[in-house]
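# A look at the structure
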Amino acid sequence: MRIARFDDDRIGLVRDGRVLDVTDQLTALLPPGPSSLARRLVADFAAVRPVLQKRIDEDMPTAGLSVDDVRLCTPMPDPSKIVAAPVNYRDHQAEMSEAFHISALGFFLKSPSSLLASGGTVRLPYSDRRFDHEAEFALIVGRRASHVTPEQALDHVFGYTALMDITMRGGEDRSTRKSFDTFTPMGPWIVTPNELGSPDDVGLELTVNGVLRQKANTRDLIWSAARFLAYVSTVTVLEPGDVVTTGTPAGVAPIQDGDTVELIVDRVGRLTVGVTGEGAVPCPTGGAGQGPVPPPAPVGRH
Ligand code: MN
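The following refers to the structure shown. All figures in this text were calculated on a predicted structure; none of them were measured in a lab.

Calculation rules
Residues numbered from 1 in each chain as written. Predicted model: local features only at pLDDT ≥ 70, side-chain atom pairs only at ≥ 80, totals over all residues. Heavy atoms only, no water. Salt bridge = Lys/Arg side-chain N within 4 Å of Asp/Glu carboxyl O. Helix = DSSP H or I, 4+ residues; strand = E, 2+ residues; numbered from the N terminus. Donors = N, O, S within 2.8 Å, 3.2 Å for Na, K, Ca; no water. Buried < 20%, exposed > 50% of the residue type's maximum accessible area, 1.4 Å probe, protein only. Expected span 1.5 Å × (residues − 1). Contact = heavy atoms within 4.5 Å. Polar contact = N/O pair within 3.5 Å; in protein donor to acceptor, adjacent residues only side chain to side chain. Pairing = 2+ DSSP bridges. 1 Å grid on protein atoms, 1.4 Å probe; cavity = no way out; pocket = protein on both sides within 12 Å on 5 of 7 lines; lining within 4 Å. Points joined across faces, edges and corners; volume = space filled by probe spheres on them. Nonpolar A, V, L, I, M, F, W, Y, C, P; charged D, E, K, R; others polar. Core = buried A, V, L, I, M, F, W, Y, C linked by side-chain atoms within 4.5 Å. Domains from an automatic or database assignment.

### Some details on the pattern of salt bridges
- Under the defined criterion, the tally for this structure stands at 21 salt bridges.
- The residue Lys110 makes a salt bridge to Asp165 at a minimum N-O spacing of 2.5 Å. Taken together, the residues span a long stretch of sequence, with Lys110 in strand E7 (residues 108–110) and Asp165 in the loop between strand E12 (157–164) and strand E13 (167–168) at a distance of 55 residues.
- Two residues, Glu262 and Arg270, come together in a salt bridge whose shortest N-O distance is 2.8 Å.

Okay, structure coming up:
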């Protein structure tokens, strides 16, 4: 099942380029609460799944709207946290000249309010700093997970999605450099595990203005999705709707005003965002030229 959020907080099932609005049905079936409808759907998915599957079988693909005619929203608007993996591919460790990888670094957090929908625009805050794309494969937690084993971890996954961990380079803490508003594009929707298959063999490709910059497969992760989720759950309880993103491969490079950045993740779809430098100001913190050293920018980039 592919589950999207669109227009004015509508929930839809996506198939063959069409989206079927199931918002009214979910609102009637799911217990009310302070969380978004998307998060309540994740928390109670087992209860409503048969109803949704019946709608797909009976009404799709002919019913519904064309995906091109709706405005996609970030598929999970209110995770309690976004957990991210630093240095989880060896080729990225090499290009950054990092002495350590995930097994020494653990994880970091990104602000949930940094989320951005496919079709949105990344806003670069500063005129005098380097900002990079990072292509990542992410999972959405489905069941509360605390101290789970790698063998149990995938039973706690609701689904998978594409995510860009947009990053300011420099010496500030990761949580600062990666938490600017709009710095976590995610989507275009969430794909359930039965449709994705193994999270350990998923290809991803990122382009900037049509030029390929990153290409990888999750089989090359240092810590697999399951191992990373299990580890995170020994530090902090993972709640339904939480986002766990698995890290970026080699090829990180600067983005700048006017760019179009696309991330295609196998069996998930295409996440597309624009970039603007409008309103950028000089950076008030002094981390430029410090911290991990990124690879040189490709010709024509700065
Ligand atoms: Mn990252």
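### Looking at the coordination of the manganese ion
- Those donors, Glu134 (OE), Glu136 (OE) and Asp165 (OD), are the protein atoms that reach the manganese ion, and they lie 2.0 to 2.2 Å from it.
- Donor residues binding the manganese ion come from one chain and are separated in sequence as E-x1-E-x28-D. Linking Glu134 in the loop between strand E10 (131–132) and strand E11 (135–141) with Asp165 in the loop between E12 and E13, this pair joins segments that are 31 residues apart in sequence. You'll find Glu134 and Asp165 in the same group, each marked buried.

### Points about helix H3 (residues 45–59)
- With 15 residues, H3 extends 20 Å between its outermost C-alpha atoms, agreeing within 8% with the 21 Å of an ideal straight helix rising 1.5 Å per residue.
- Where H3 is buried, its residues contact strand E1 (2–6), strand E2 (10–15), helix H1 (23–29), helix H2 (37–43) and E12.

### Looking at the side chain of Thr192
- Topologically, Thr192 is positioned in the loop between strand E14 (184–191) and helix H8 (193–196).
- A polar contact is formed between the side chain of Thr192 and the side chain of Asn194, at a distance of 2.6 Å.
- If we ignore the near neighbours within four places in the chain, the residues touching Thr192 are Met1, Ile3, Phe45, Arg49, Phe158 and Gly159.

### Points about the pairing of E11
- Within E11, seven of the seven residues are buried, which leaves the element mostly enclosed by the surrounding structure.
- Every second residue of E11 is oriented toward a common face, with Ala135, Phe137, Leu139 and Val141 on one face and Glu136, Ala138 and Ile140 on the other, all of them buried.
- For E11 and E12, the ladder comprises seven bridges, and the chain directions are antiparallel. Opposite Leu139, over in E12, you have Tyr160 as the bridge partner.

### Considering the side chain of Asp259
- Locating Asp259 in the fold gives a position in the loop between strand E17 (243–245) and strand E18 (260–265).
- Assessed through its relative accessible area of 3%, Asp259 is described here as buried.
- A distance of 2.9 Å separates the side chain of Asp259 from the side chain of Asn209, its partner in a polar contact.
- Other than its neighbours up to four places away in sequence, Asp259 contacts Val208, Asn209, Pro254, Val273, Gly274, Val275 and Arg301.

### Quick notes on the layout of surface pockets
- Quantified by volume, the largest pocket comes out at close to 190 Å³.
- Together, 14 residues line the largest pocket, and Leu124, Arg129, Ile255, Gln256 and His302 are the ones closest to its centre.
- Partitioning the lining of the largest pocket into residue classes produces six nonpolar, four polar and four charged.

### Some thoughts on the pairing of E18
- Across five bridges, the pairing between strand E15 (residues 203–208) and E18 is antiparallel. Following the sheet pairing, Glu205 is matched in E18 by Ile264.
- In this structure, E18 lies alongside strand E19 (residues 269–276), joined through six bridges in antiparallel fashion. Following the sheet pairing, Ile264 is matched in E19 by Arg270.
- Taken together, E18 and the strand that follows it, E19, pair antiparallel across an intervening segment of three residues, in which Arg267 is found at a positive phi of about 65 degrees.

### As for the nonpolar core
- Ranked by size, the top nonpolar core spans 59 residues in total, and within it Val122 and Leu263 carry the most contacts.
- For this core, the secondary structure elements donating two or more residues are E1, E11, E12, E14, E15, helix H9 (225–233), E18 and E19.
- With six residues, the top contributor of residues to this core is H9.
- Of the residues that make up this core, three or more belong to each of domain 1 (2–72) and domain 2 (74–276).
- Sequence-distant contacts of Val122, that is, excluding residues within four places in its chain, are made with Leu116, Ile166, Thr182, Phe183, Pro185, Ile255, Val273, Gly274, Val275 and Thr276.
- In terms of nonpolar packing, the next biggest core, distinct from the first, is built from 27 residues, Leu20, Leu30, Leu163 and Ile190 among them.

### Quick word on empty space enclosed by the protein
- Scanning the model with the defined rule gives two cavities of 30 Å³ or more in all.
- Roughly 120 Å³ of internal volume is contained in the largest cavity.
- Of the residues contributing to the lining of the largest cavity, the split by class is six nonpolar, two polar and eight charged.
- The volume enclosed by the second largest cavity comes to roughly 60 Å³.
- In terms of lining residues, the second largest cavity is bounded by Ile3, Ala4, Arg5, Ile11, Ala38, Leu41, Val42, Pro75, Met76, Phe158 and Ile190.
- Per-class residue counts for the lining of the second largest cavity are 10 nonpolar, no polar and one charged.
- Domain assignment of the residues forming the lining of the second largest cavity places at least three in each of domain 1 (2–72) and domain 2 (74–276).

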